[in-house]
Amino acid sequence: MEHLRGTKTRGVGRLEKYAKLIPPWIFHRNVQTLLDALTAAIAMIAAYALRFDFDIPPKMQHSMWIWLCVLTFLRPLSLRLTRSGYQSTWRFFNVGDGLRLALRSVPVTIFLLLMRWLVPGIPVVPYSVLIMEFIVFLGFASGLRVTRRLAHEAIYKAAPRPRALIVGNETTLATSVGYLRSWREAQVIGLVSEDNRLIGIHIAGLPVLGHPESLPSLLAAHQIEVVVLSGANLKCAAQVIRDATRFDLQVHILPSGSDLMQGNVRVSRTVSIDQLAQANSESVSEPHPAVVSCFNARTVLVTGAGGSIGSEIARQVAALNVDRLVVLDQDENSIFELMHQIESREGREIVPVVGNIRDHETVYRTFDRYRPHVTLHAAAYKHVPVMEGNCCEAVLNNVSATRELADAAIEFDCERLVMISTDKAVRPSSVMGATKRAAEMLIQQRADASTGSGCKTHFACVRFGNVLGSRGSVVPIFLRQIAAGGPVTITHEEMTRYFMTIPQAVQLVLQAATLASCGDVYMLDMGDPVRIIDFAKDIIRLAGLRPGKDIDIKVVGKRPGEKLHEQLWREDALVTATEFRNVFQVKAAPVLASFPKLLAELDQAARTRQSDTAIQELLYRLPIDYSPEGAELAPMAIAN
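Throughout this document, residue positions are counted from 1 along each chain, in the order its sequence is written. At least 70 in pLDDT is required for a residue's local features to be given in this predicted model, at least 80 for side-chain atom pairs to be given and counted, and no such filter applies to totals for whole chains, interfaces and linings, which use all residues. Side-chain measures were taken over the full set of non-hydrogen atoms in the model, leaving aside hydrogen atoms and water.

Participant: It is not clear to me how the overall build of the protein chain should be interpreted in this structure. Could you clarify?
Facilitator: Counting its secondary structure elements, the protein chain contains 23 helices and 21 strands. Using a 1.4 Å probe on the protein chains alone, a residue whose accessible area is under 20% of its type maximum counts as buried, one over 50% counts as exposed, and one in between counts as partly exposed. Taken over 640 residues, the protein chain has a buried fraction of 47%. Taking the contacts inside the protein chain whose residues are at least 6 apart along the sequence as the reference set, 76% of them involve residues at least 24 apart. Each accessible area is a Shrake-Rupley estimate made with a 1.4 Å probe; only the visible protein chains count as cover when residues are assessed. When the accessible surface of the protein chain is split by element, carbon and sulfur atoms take 56% of a total near 32,000 Å². Secondary structure elements are taken from DSSP: a helix is a run of H or I of four residues or more, a strand is a run of E of two residues or more, and numbering for both begins at the N terminus. It only takes one pair of heavy atoms within 4.5 Å for two residues to be counted as in contact.

Participant: Would you mind showing me how to read the pairing of strand β1 (residues 163-168) here?
Facilitator: Remember that side chains alternate between the two faces of the sheet whenever the strand is regular. When you tally the buried positions in β1, you get 5 out of 6 residues, the bulk of the element. Two strands pair under a simple rule: DSSP has to find at least two bridges between them. Pairing of β1 with strand β5 (residues 226-230), which is carried by 4 bridges, proceeds in the parallel orientation. Following the sheet pairing, Ala164 is matched in β5 by Val226.

Participant: Just to check I follow, could you spell out the nonpolar core for this structure?
Facilitator: One recurring pattern in soluble globular proteins is that nonpolar side chains are buried together. Only buried Ala, Val, Leu, Ile, Met, Phe, Trp, Tyr and Cys residues count toward a nonpolar core, and they belong to the same one when joined by side-chain atoms within 4.5 Å. Ranked by internal contacts, the top residues of the largest apolar core, which has 98 residues, are Phe295, Leu325, Leu376 and Phe464. The dominant element in this core, judged by the number of residues it contributes, is helix α16 (residues 391-411), at 11 residues. With sequence-adjacent residues up to four places away left out, Leu376 is seen in contact with Phe295, Val300, Leu301, Val302, Thr303, Ile313, Val317, Val418, Leu510 and Ala513.

Participant: What should I look at first to understand the pattern of salt bridges in this one?
Facilitator: Close approach of charged atoms allows side chains of opposite charge to pair. Any carboxyl oxygen of Asp or Glu within 4 Å of a side-chain nitrogen of Lys or Arg constitutes a salt bridge here. If you walk through the whole model with that rule in mind, you get 16 salt bridges. Note that Arg197 and Asp195 form a salt bridge whose closest N and O atoms lie 2.7 Å from each other. Relative accessible area serves as the criterion here: at 66%, Arg197 is assigned to the exposed category. The closest approach of N and O atoms between Glu393 and Arg358, which form a salt bridge, is 2.8 Å. Linking Glu393 in helix α16 with Arg358 in the loop between β9 (349-354) and α14 (360-370), this pair joins segments that are 35 residues apart in sequence. The exposure class assigned to Glu393 is partly exposed, which follows from its relative accessible area of 23%.

Participant: Hey, could you run me through the sheet that holds β9 in this one?
Facilitator: Strand pairing in a sheet is mediated by backbone hydrogen bonds. Such pairs are either parallel or antiparallel. Sheet architecture is open: 9 strands sit in the order β9-β8-β7-β10-β11-β12-β17-β21-β20, paired in mixed fashion. Here the strands that pair on one side only, and so sit at the sheet edges, are β9 and β20 (575-577). Neighbour-to-neighbour, the strand axes of this sheet turn through a mean angle of 25°, independent of strand direction. As defined by bridge partners, strand β12 (residues 458-464) adjoins strand β17 (residues 518-524) across 5 bridges and the pair is classed as parallel. When the sheet's bridge partners are listed, Arg463 is paired in β17 with Met523. Helix-sheet contacts for helix α13 (residues 332-341) involve β8 (324-329) and β9, and the interaxial angle to β8 is about 150°. Here an angle of 0 to 180 degrees is reported between the N-to-C directions of two axes, which are lines fitted to C-alpha atoms, with helices fitted over the stretch in contact. In the packing of α16 onto the sheet, contacts are made with β7 (299-303), β10 (374-377), β11 (416-422) and β12, and the angle to β11 comes to roughly 160°.

Participant: Just checking my understanding: could you explain unusual backbone geometry for this structure?
Facilitator: It is generally the case that most residues other than glycine have a negative phi and that most peptide bonds are trans. The backbone phi angle of Phe54 is positive, close to 65°, even though this residue is not glycine. Examined against the element boundaries, Phe54 turns out to sit in the loop between α2 (29-51) and α3 (58-81). The exposure class of Phe54 is exposed, given its relative accessible area of 67%. At Arg427, a residue that is not glycine, the phi angle is positive and equals roughly 45°. Relative to the helices and strands, Arg427 is located in the loop between β11 and α17 (431-451). Since its relative accessible area comes to 32%, Arg427 is described here as partly exposed.

Participant: Quick question: what am I supposed to make of the packing of aromatic side chains here?
Facilitator: Centre distance within 6.5 Å is the pairing criterion for rings of Phe, Tyr and Trp, where only the six-membered ring of Trp is used; planes under 30 degrees apart are then read as stacked, over 60 as edge-to-face, and the remainder as tilted. Scanning the entire structure with this criterion turns up 3 aromatic pairs. Their ring planes at 20° and their centres at 6.3 Å tell us that Tyr48 and Phe52 sit as a pair that is stacked. You'll find Tyr48 and Phe52 in the same group, each marked buried. Between Tyr364 and Phe412 the ring centres are 5.9 Å apart and the planes differ by 70°, which places this aromatic pair in the edge-to-face class. Pair noted here: Tyr364 is in helix α14 and Phe412 is in the loop between α16 and β11, with a separation of 48 residues, a long-range link. The buried category is assigned to Tyr364, whose relative accessible area is 16%. The buried category is assigned to Phe412, whose relative accessible area is 12%. Only when the NZ of Lys or the CZ of Arg is both within 6 Å of the ring centre and within 35 degrees of the ring normal is a charge said to sit over the ring. Between the NZ or CZ atom of Arg51 and the centre of the ring of Phe52, over which it lies, the distance is 4.8 Å. Here the basic side chain of Arg116 rests over the ring of Tyr127, its NZ or CZ set 5.0 Å away from the ring centre.

Participant: Is there a simple way to explain the state of the cysteines in this structure?
Facilitator: As used here, a disulfide is simply a covalent bond connecting the sulfur atoms of two cysteines. The term disulfide is used for any two cysteine sulfur atoms that are within 2.5 Å. What the rule picks out here adds up to 0 disulfides. Cys391 provides the cysteine sulfur closest to Cys392, a residue in no disulfide bond, and the two sulfurs are 6.9 Å apart.

Participant: Before we go on, may I ask you to explain the confidence of the model for the protein chain in this structure?
Facilitator: Close inspection of predicted coordinates is inappropriate in any region flagged by low pLDDT. The pLDDT value expresses, per residue, how confident the predictor is, ranging between 0 and 100. Taken over all residues, the pLDDT of the protein chain has a mean of 78, while the share at 70 or more is 78%. A low-confidence stretch, residues 630-640 stays under pLDDT 50, and its non-local contacts, those more than four residues away or across chains, total 13 contacts.

Participant: Explain the environment of Arg416 to me, please; I cannot follow it from the model alone.
Facilitator: The residue Arg416 is located in strand β11 in this model. With 42 residues separating them along the chain, Arg416 and Val374 place their C-alpha atoms 4.8 Å apart. Definition of a polar contact: a pair of N or O atoms within 3.5 Å, with one able to donate and the other able to accept a hydrogen when the atoms are protein atoms, and with sequence-neighbouring residues admitted only if both atoms are side-chain atoms. Reaching out from Arg416, the side chain makes a polar contact with the backbone oxygen of Ala513 at a distance of 3.2 Å.

Participant: Can you help me understand the packing of α14 against α16 in this one?
Facilitator: Two quantities define a packed helix pair, namely the angle between the axes and the distance from one axis to the other. Packing of α14 against α16 leaves a shortest axis separation of 10 Å and a crossing angle of 30°. Relative to α16, the element α14 is oriented roughly parallel. Once α14 is placed against α16, the crossing between them reads as right-handed. Contact residues: His360, Val363, Tyr364 and Phe367 in α14; Glu404, Leu405, Asp407, Ala408, Ala409 and Glu411 in α16. Of the residues that constitute the contact of α14 with α16, the class distribution is 6 nonpolar, 1 polar and 3 charged. Every angle not falling under 35 degrees, over 145, or within 65 to 115 is termed oblique; those three ranges are roughly parallel, roughly antiparallel and roughly perpendicular. In a left-handed crossing the near helix is turned counterclockwise from the far helix by less than a right angle, and in a right-handed crossing that turn is clockwise. Here the term charged refers only to Asp, Glu, Lys and Arg, the term nonpolar to Ala, Val, Leu, Ile, Met, Phe, Trp, Tyr, Cys and Pro, and the term polar to all other amino acids, Gly among them.

This is the structure:
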């Protein structure tokens, strides 16, 4: 069996090799036109030869060449001028295409017969020659198209495909055979019909091998790998599924046209994240030379490496020529999975560190042991509604932990520290956004304080919006809701968000990391904002379903801390271009002298686990434009 499989594989390889030798221009419509013109010339010569028993008189040869030139021009011209004359694909040529070819060829023959009869003085040509020319041309032209189809089928026929049986009735079997043959997804061995009268006959060139009751023996005898149910309402469907399951075989249902039109089945498909990216979003390309140079032979620390963004950062950094990659996360399982995704290459060390960046000893021990040159800080609590009820944890993880990393970077001479921020930090209305804005200002304050102290660390923040497919994105939620049959829930009909794929965002993050910065914020070009309701409808349509009919959309109201529209920067911000086309610099405003004291009070309140209201009041006092919606703040906090 292995020998036969190997022989078959070698045959497939030879066919594919020969197929690649055929130049693609042969299948161009202009070449098809020339082939039809040549066919018309050959047909005229053959017609004269048949009419005169292969001994054409000299006086007829002159008229033959004249009429040959006329037909060589008129035949392809007629096919080009008629609708869809050269639009039919030759590799799928069938009887219907042959009839259409005949109908489009008839007018030329009728025109020539009329000319021969009505126009005096033209070169003489026997009427029988014109009729025979039509028949010969039709045969030769059809032969060309059939040859193209046979060549196409020969190339793909030997390809390794699962052996399939189609189960259906007289109405659906022929359609299903044609469909599967067109797509080359399976090698159909035979048919099984519910109608006993069909057993033993051939449908679309395939034998009807038996009745559904004989399916087990047919599966074993013909080594079937896939069973296709032709139609959604077959009486034998349950029995077929049971028998196929006993043989551990796949069963696929191929709905008929009537099933689809009557709504008896629903067509759906899996939606990939790449399909959801905006049409004008650029695909991920090779790393920019500045990125390669910046990370060359460096030790890189990635925090939050187990998350959706952190893990992609780790993957892209691992593809660069770094000496050592340290991946840090408090989730052991995420680190374990990441280690299996990243390939350790020669001369490159990948170090897993399980720990919490809120812990001073963990952070300082990691910096002391591995001495990172570049720190990419992606660890954060980011779910807006969850953080509204866990304010202390949001402060400790998003602000206090960032301070630990910044101080360690300064102490151990880390060359660059880049914090991943969010568009929710602009005029924040949520605790999560407020803590990220506070972390941005902390980074800026550390950068300002270290400027005159001889510190070598460049601090920067990179701010962007939603990323498709991340754990905090709406996309996985929408896909789960669609898989469950709906409804898809949105919070407000007018809500908009910026979207970008994770690989695209991370590529730009690495570009921003190369820029010499002193606490500035870098903003990624996210394109135009997208209405969430339109986004939900697009996902439903991509799944092959109809919004509002197959899947309902339900508006459930805004969640705590959510804004209708996010901003990428404040209206009064100074935004300038950088050397990277899709990365912009948002010039940081001066940090107030009172900021360190207010931040220390916030940190102390979070460590002592004060109430959520108290944390919100302290966040409100920070110069971060925090405007919680619906929050009940004390009068003193508002006054401050």
